[in-house]
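A look at the structure
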Amino acid sequence: MIIAVDGPSGSGKSSTARGVADRLGLRFLDTGATYRAVTWSAIEHGLDLDDTAAVAQRARELRLELSTDPLNQFVIADGTDVTAAIREPRISERVSKIATNLDVRKELIRRQREIIDEAQPSGGIVVEGRDIATVVATDAELKVLLTADQEARLARRGAELAVGSVTAEQLRDQIVRRDADDSTVADFQVASDGAVTIDSTDLSLEEVIDVISRLAKEASPRSHDS
């Protein structure tokens, strides 16, 4: 099965989706990592991120390998392990330039769908991002919009980062400005048709994983067959 988890920055999508994948024995795909990898590559090649055609060409040429093991995540771009590098503030500050490039989105959505198809024989995959339910995997058996209020999202993103690695202004930029930019090309603020909205503001990570895992078991094709 396919479980789609969408939502704004800092809502807990990645931690939740990894946890659900681990619990249910599914693969895991962090689609945001693909955009971050292209951002890293474009910067490494000295590209002007406003040159949409050059950046899109870089996205098409990039050799990208992503782990779908929820317990062993890595990202390799053109032979370089960029797992840590793509989480650096310099990438977070610029990734929206890449994510709002429509030609880059077209290429990365194609790659994301390939990864999803490859995961089906192993039982399925939990995919998280901005437009999974609405664009990438519209046929997902379970669609979740994971939300949280802004202060909770700021606190969670801050807790994920090394102490002192970003200022309060940079943190707010990662959450508020990126959501505003990304909302111009992906509708992740309102639940898509058939999606379940979960407000995680007052829920622990384990509680959110519990809810989605229960919903997944109810939505599983195998449970319907039986």
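What counts as what
Residues numbered from 1 in each chain as written. Predicted model: local features only at pLDDT ≥ 70, side-chain atom pairs only at ≥ 80, totals over all residues. Heavy atoms only, no water. Core = buried A, V, L, I, M, F, W, Y, C linked by side-chain atoms within 4.5 Å. Buried < 20%, exposed > 50% of the residue type's maximum accessible area, 1.4 Å probe, protein only. Helix = DSSP H or I, 4+ residues; strand = E, 2+ residues; numbered from the N terminus. Pairing = 2+ DSSP bridges. Contact = heavy atoms within 4.5 Å. Axes fitted to C-alpha atoms, helices over the stretch in contact; angles between N-to-C directions. Expected span 1.5 Å × (residues − 1). Arc of directions from axis to C-beta.

Next up on the list: the nonpolar core. The biggest cluster of nonpolar side chains holds 38 residues, and the ones touching the most others in it are Tyr-35, Val-38, Val-104, Ile-116 and Ile-125. Put simply, the parts of the chain that give this core at least two residues each are strand S1 (2-6), helix H2 (31-44), helix H3 (52-61), strand S4 (75-77), helix H5 (95-99), helix H6 (102-119), strand S6 (125-129) and helix H7 (132-136). Looking at this core element by element, the count peaks at 7 residues for H2. Judged by nonpolar contacts, the second largest core, of 19 residues, contains Ile-3, Val-5, Leu-26 and Val-144.

We now examine the sheet that holds S4. Taken in spatial order, the 3 strands line up as S3-S4-S5 in an open sheet, and their pairing is antiparallel. Every interior strand has two partners, whereas the edge strands, strand S3 (64-66) and strand S5 (80-81), have only one. With 3 bridges joining them, S3 and S4 adopt antiparallel strand pairing. What sits directly across from Glu-65, in S4, is Ile-76. Across the sheet, H2 touches S3, S4 and S5, and the angle it forms with S3 is around 145 degrees.

Here helix H10 (residues 205-219) spans 21 Å end to end across 15 residues, near enough to the 21 Å set by a 1.5 Å rise per residue. Among the residues making up H10, those that are buried are Val-208, Ile-209, Ile-212, Ser-213, Leu-215, Ala-216 and Ala-219. Taken down its axis, H10 places every buried residue within 165 degrees of arc, on the same side.

The next point concerns the sheet that holds strand S2 (residues 27-30). Ordered in space as S2-S6-S1-S7-S8, the 5 strands form an open sheet in which the pairing is parallel. In this open sheet, the two strands that pair with only one neighbour each are S2 and strand S8 (196-199). Adjacent strand axes in the sheet meet at a mean angle of 20 degrees, parallel and antiparallel pairs treated alike. As paired strands, strand S7 (residues 142-147) and S8 are joined by 4 bridges and run parallel to one another. Counterpart to Thr-147 in the pairing with S8 is Asp-199. Its contacts with the sheet put helix H1 (residues 13-24) on S1, S2, S6 and S7, and the angle it makes with S6 is roughly 180 degrees. Of the strands in this sheet, S2 and S6 are in contact with H2, which crosses S2 at around 45 degrees.

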